[in-house]
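Here is how the chains run, residue by residue.
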Amino acid sequence: MAEILRINGLKVLSTSELLQLASLFQLDGTPESAETFGNGNVNDTFLVRTDSGNRYTLQRINHDVFKDPVSLMDNFARVTTHLAQKHMDGQTTLRTLVLVPAQDGSSYLTGEHGNYWRVTEYVPGGLSLEVPESREHAYEAARAFGDFQYQLSDLPGDPLIETIPDFHNTESRYQAFNKAVEQDVLGRTEEVKDLIAFARENELLAGMIRYADFPTRTVHNDTKLNNVLLHKETGKGMCVVDLDTVMPGCALHDFADLVRTAACSSEEDESDISKIHFLPDRFSALVDGYLAGVHDMLDSKEIERMVISPQVITYELSLRFLTDFLVGDTYFKVKRPGHNLDRARAQFRLLRSMQEHESTMEDRVSASLASGAC
Ligand code: GN1
Ligand code: MG
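Everything numeric here is computed off the predicted structure, so don't read it as measured data. (Residues numbered from 1 in each chain as written. Chains lettered and ligands numbered in written order. Predicted model: local features only at pLDDT ≥ 70, side-chain atom pairs only at ≥ 80, totals over all residues. Heavy atoms only, no water.)

### Comments concerning the domain arrangement of the protein chain
Next, step 1: When cut into domains, the protein chain gives domain 1 (3–124) and domain 2 (135–370).
Next, step 2: Contacts between domain 1 and domain 2 engage 32 residues on the former and 37 residues on the latter.
Next, step 3: Each partner contributes to the roughly 3,000 Å² buried at the junction of domain 1 and domain 2, and carbon and sulfur atoms together form 55% of this total.
Next, step 4: Of the charged contacts, one joins Asp244 and Arg118 as a salt bridge, the two residues approaching to 2.9 Å between their closest N and O atoms.
Next, step 5: Across the domain 1-domain 2 interface, the total number found is 16 residue pairs in polar contact (both at pLDDT 80 or more).
Next, step 6: Broken down by element, the side of domain 1 that touches domain 2 gets its largest block of residues, eleven residues, from helix H2 (residues 69–88).
Next, step 7: Here the side of domain 1 that touches domain 2 is composed, by residue class, of eleven nonpolar, 13 polar and eight charged. (Domains from an automatic or database assignment. Contact = heavy atoms within 4.5 Å. Buried area = accessible area lost by both parts, 1.4 Å probe. Salt bridge = Lys/Arg side-chain N within 4 Å of Asp/Glu carboxyl O. Polar contact = N/O pair within 3.5 Å; in protein donor to acceptor, adjacent residues only side chain to side chain. Helix = DSSP H or I, 4+ residues; strand = E, 2+ residues; numbered from the N terminus. Nonpolar A, V, L, I, M, F, W, Y, C, P; charged D, E, K, R; others polar.)

Shown next, in the form of structure tokens:
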């Protein structure tokens, strides 16, 4: 099949090619439309409709980022099978993604140019938010991600494969950032001197959440608010999506990345940084919801670091966005010139706001624990 990569927003795959790809999977009906879907920064996702009224998501796995798509799909199948069983047994209200096999029965297809494609059933009735509209949304999103970790704590068999080693190793992200500054291949460091200085002032954050210091758990690793679907009518957590980075890791990274995106007044690429504030009330709701979701699974050290971990992950994302800006936008998709720089500025601004609220955050975690949220 002739198919070509989409590189940083340049659409080079025609609708008929997408439909042809989709038809290689066991869909109910004949695919008749395909459109770009979602806000992912790495993979390419399309919503496919068939003539029988069914909807599916067709995805190209970005193999520059996910270098071992076969292991990724193995993880994906194990996680979804386990969660589906838990749902059927009544142990969780969370639904899970359902893989649609290819015509030959495999869970993915390989195309030309080293591309990997998969299809999942579309999940109807879900709300994917960039910013929570209420305290309840924040609570339910956190409870869902907490429950997701809890349900995976008895995943049978070997640990999942670590498909991106050192994914949340903030120290190695800091080293990559320093290398990009030193090499300055595009001569962009001059215009971001203030951000480079702020990143260096905060270097200590890079060593504050190290995997080795915490229990290894099966975690999601990409818990942006928009990666959990909330029920459109009830607002309850319905389905955790984007399972590509589910692998062994540290529970705190999941809690923290949700705080980064759900306790913030703006989207992660807001270009007007005066609009960006940390929201302590949303943070309280996230703590309550997360503790309820994980039951009593966390140890005392994990609980103690619930305040600092959002700073660490916000710092990590600031470094990643800034690094990508410095090297020429090679990792995250960009929609406009300076997009990664806007993202980096927004994240540094959020980090500063979190730092201003640190003692409030401590009080909120203590209050949650005292009220028995866990
Ligand atoms: C990427 O593609 P998306 O949006 O699901 C990235 C995450 C970042 C996120 C920032 C594999 O996720 O780590 O937090 O962008 N995923 C990967 O928006 O690097
Ligand atoms: Mg993702």
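Following the structure, the description resumes.
### Comments concerning helix H6 (residues 251–262)
Next, step 1: Taking 1.5 Å of rise per residue, twelve residues should cover 16 Å, and H6 covers 17 Å from first to last C-alpha, within 8% of that figure.
Next, step 2: Summarising burial for H6: twelve of the twelve residues are buried, a large majority. (Expected span 1.5 Å × (residues − 1). Buried < 20%, exposed > 50% of the residue type's maximum accessible area, 1.4 Å probe, protein only.)

### So, the coordination of the magnesium ion (ligand 2)
Next, step 1: Within the protein, Asp222 (OD) and Asp242 (OD) serve as the donor atoms for the magnesium ion (ligand 2), at 1.9 to 2.0 Å. A residue pair is termed long-range when its members are at least 10 positions apart, and Asp222 in the loop between strand E8 (217–219) and strand E9 (228–231) and Asp242 in the loop between strand E10 (237–240) and strand E11 (247–249) qualify at 20 residues.
Next, step 2: Note on Asp242: relative accessible area 27%, which makes it partly exposed. (Donors = N, O, S within 2.8 Å, 3.2 Å for Na, K, Ca; no water.)

### Points about the nonpolar core
Next, step 1: Residues Phe148, Phe283, Leu286, Met306, Tyr315 and Leu322 are the most contacted members of the largest nonpolar core, which totals 93 residues.
Next, step 2: A total of nine residues in this core trace back to one element, the largest contributor, which is helix H9 (residues 309–327).
Next, step 3: No fewer than three residues from each of domain 1 (3–124) and domain 2 (135–370) sit in this core.
Next, step 4: Apart from the residues within four sequence positions on either side, Phe148 is in contact with Val79, Leu83, Leu94, His220, Val240, Leu243 and Val246.
Next, step 5: Counting residues in each nonpolar core, the second largest holds 17 residues, with Leu18, Leu21, Phe25 and Phe46 among its members. (Core = buried A, V, L, I, M, F, W, Y, C linked by side-chain atoms within 4.5 Å.)

### Focus: the sheet that holds strand E7 (residues 126–127)
Next, step 1: Read across the open sheet, the three strands follow the order E7-E9-E10; overall the sheet is antiparallel. A single partner strand is all that each edge strand has here, and the edge strands are E7 and E10.
Next, step 2: The sheet contact formed by E7 and E9 spans two bridges and is antiparallel. Pairing of Leu127 across the sheet is with Leu230, part of E9.
Next, step 3: Packed onto the sheet, helix H3 (residues 135–151) meets E7, E9 and E10 and runs at close to 125° relative to E9. (Pairing = 2+ DSSP bridges. Axes fitted to C-alpha atoms, helices over the stretch in contact; angles between N-to-C directions.)

### Observations concerning the site of ligand 1
Next, step 1: For ligand 1, the set of nearby residues contains 17 residues, the closest of which are Asn41, Lys224, Asp242, Glu268 and Tyr331.
Next, step 2: Within the contact set of ligand 1, an oxygen atom lies 2.4 Å away from a side-chain nitrogen or oxygen of Glu268.
Next, step 3: Here Arg320 contributes a side-chain N or O atom positioned 2.8 Å from an oxygen atom of ligand 1.
Next, step 4: Taking 440 Å² as the accessible area of ligand 1 by itself, protein coverage stands at 96%.
Next, step 5: Put simply, ligand 1 lies in the largest pocket.
Next, step 6: Of all the elements, H9 adds the most residues to the shell around ligand 1, at three residues.
Next, step 7: For the shell around ligand 1, the residue count by class is eight nonpolar, three polar and six charged. (Near = heavy atom within 4 Å. Areas by Shrake-Rupley, 256 points an atom, 1.4 Å probe, with all protein chains shown as cover. 1 Å grid on protein atoms, 1.4 Å probe; cavity = no way out; pocket = protein on both sides within 12 Å on 5 of 7 lines; lining within 4 Å. Sits in = over half its atoms within 2 Å of the grid points.)

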